[in-house]
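Architecture and fold: a report
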Amino acid sequence: SVLSGPEPDIFNLNNVGKLAKLSAPPAHQIILSLLDDVCEKNISESMAAARCLVRVMEMVNRKQVEKHLKEIVPALRQAYDHPQPRVRRCAVTCLASLSGVVGYTVLCSYMGGIWGYKRRLLRLYIERMKEGGLGEYRNM
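Residues numbered from 1 in each chain as written. Predicted model: local features only at pLDDT ≥ 70, side-chain atom pairs only at ≥ 80, totals over all residues. Heavy atoms only, no water.

**Comments concerning the confidence of the model for the chain**
Detailed reading of the predicted coordinates is not advisable wherever pLDDT is low. Where we set the bar: Across the chain, each position has a pLDDT score giving the predictor's confidence in that residue, from 0 to 100. Only heavy atoms matter for contacts: two residues are in contact if any of them lie within 4.5 Å across the pair.
The share of residues in the chain with pLDDT of 70 or more is 78%, and the mean pLDDT across the chain is 81. In this model, residues 1–5 is a region of pLDDT below 50 whose contacts with residues beyond four sequence positions or in other chains number six contacts. Of the regions scoring below 50 in pLDDT, residues 7–20 engages in seven contacts with residues more than four places distant in sequence or in other chains.

**Let's talk about the environment of Tyr-80**
Going by this rule: Runs of E in the DSSP output that reach at least two residues are strands. Runs of H or I that reach at least four are helices, and both are numbered from the N terminus.
Tracing the backbone shows Tyr-80 in helix 5 (residues 69–80). When the C-alpha positions of Tyr-80 and Leu-95 are compared, they lie 9.0 Å apart, and in sequence the two are 15 residues distant. Leaving out residues up to four positions away in the same chain, Tyr-80 has contacts with Arg-88, Ala-91, Val-92, Leu-95, Ile-114, Lys-118, Leu-121 and Leu-122.

**Observations concerning the state of the cysteines**
We count it as follows: In this description, the term disulfide denotes a pair of cysteine sulfurs within 2.5 Å. Burial classes: relative accessible area under 20% of the type maximum marks a residue as buried, over 50% as exposed, and values in between as partly exposed (1.4 Å probe, protein chains only).
Inspection of the entire model under this criterion finds zero disulfides. In this structure Cys-90 is a free cysteine whose sulfur lies 4.1 Å from that of Cys-94, the closest cysteine sulfur available. Its relative accessible area of 0% is what places Cys-90 among the buried residues.

**Looking at the pattern of salt bridges**
Our working rule: Take a side-chain nitrogen of Lys or Arg and a carboxyl oxygen of Asp or Glu: if they are within 4 Å of each other, that pair is a salt bridge.
In the structure shown here, the tally under the stated rule is four salt bridges. For Asp-81, the salt bridge goes to Arg-77, with nearest N and O atoms at 2.5 Å. The closest approach of N and O atoms between Lys-118 and Asp-81, which form a salt bridge, is 2.3 Å. Taken together, the residues Lys-118 in helix 8 (residues 116–130) and Asp-81 in the loop between helix 5 and helix 6 (85–102) connect sequence positions 37 residues apart. In the salt-bridge network here, residues are joined through shared partners; they are Arg-77, Asp-81 and Lys-118.

**A closer look at the nonpolar core**
We count it as follows: Put simply, a nonpolar core is a bunch of buried Ala, Val, Leu, Ile, Met, Phe, Trp, Tyr and Cys residues held in one set by side-chain atoms that sit within 4.5 Å of each other.
In this structure, Ile-31, Leu-53, Val-65, Leu-76, Leu-98, Leu-107 and Leu-122 are the most contacted members of the largest nonpolar core, which totals 35 residues. Going through the elements one at a time, helix 2 (27–40), helix 3 (43–59), helix 5, helix 6, helix 7 (104–111) and helix 8 are the ones with two or more residues in this core. Of all the elements, helix 6 adds the most residues to this core, at ten residues. Residues in contact with Val-65, not counting those within four places in the same chain, are Ile-31, Val-60, Ile-72, Leu-98, Val-101 and Val-102.

Here's what the structure looks like:
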């Protein structure tokens, strides 16, 4: 065993961590899978998936999502039109986080037409995100 000796073999421990990272699915697959769960599961599972999705969106970087925006943004846009308020709230929170990663202009180029109160609400969430005020979603 690596840990049985007096000093653990750091090289081997580092390799274990690298292998774990290699086996994780890409960020866009995680995002789309969680979004499906938010939209389709029962209330408790949907809320759990929403909390996870919001955390994932807060942690991704531009490199992880840039090539997959044409899949991610329309899926979030569709969820933003969902009949359930919890799904819409999750979608707008994720869109606001994503705008912080890729920029509002880039985000809008993939969203298509979003007008009226939905655009105003998205801008409000983006402003709150910039001020660090979207933490309430994590506490639900």
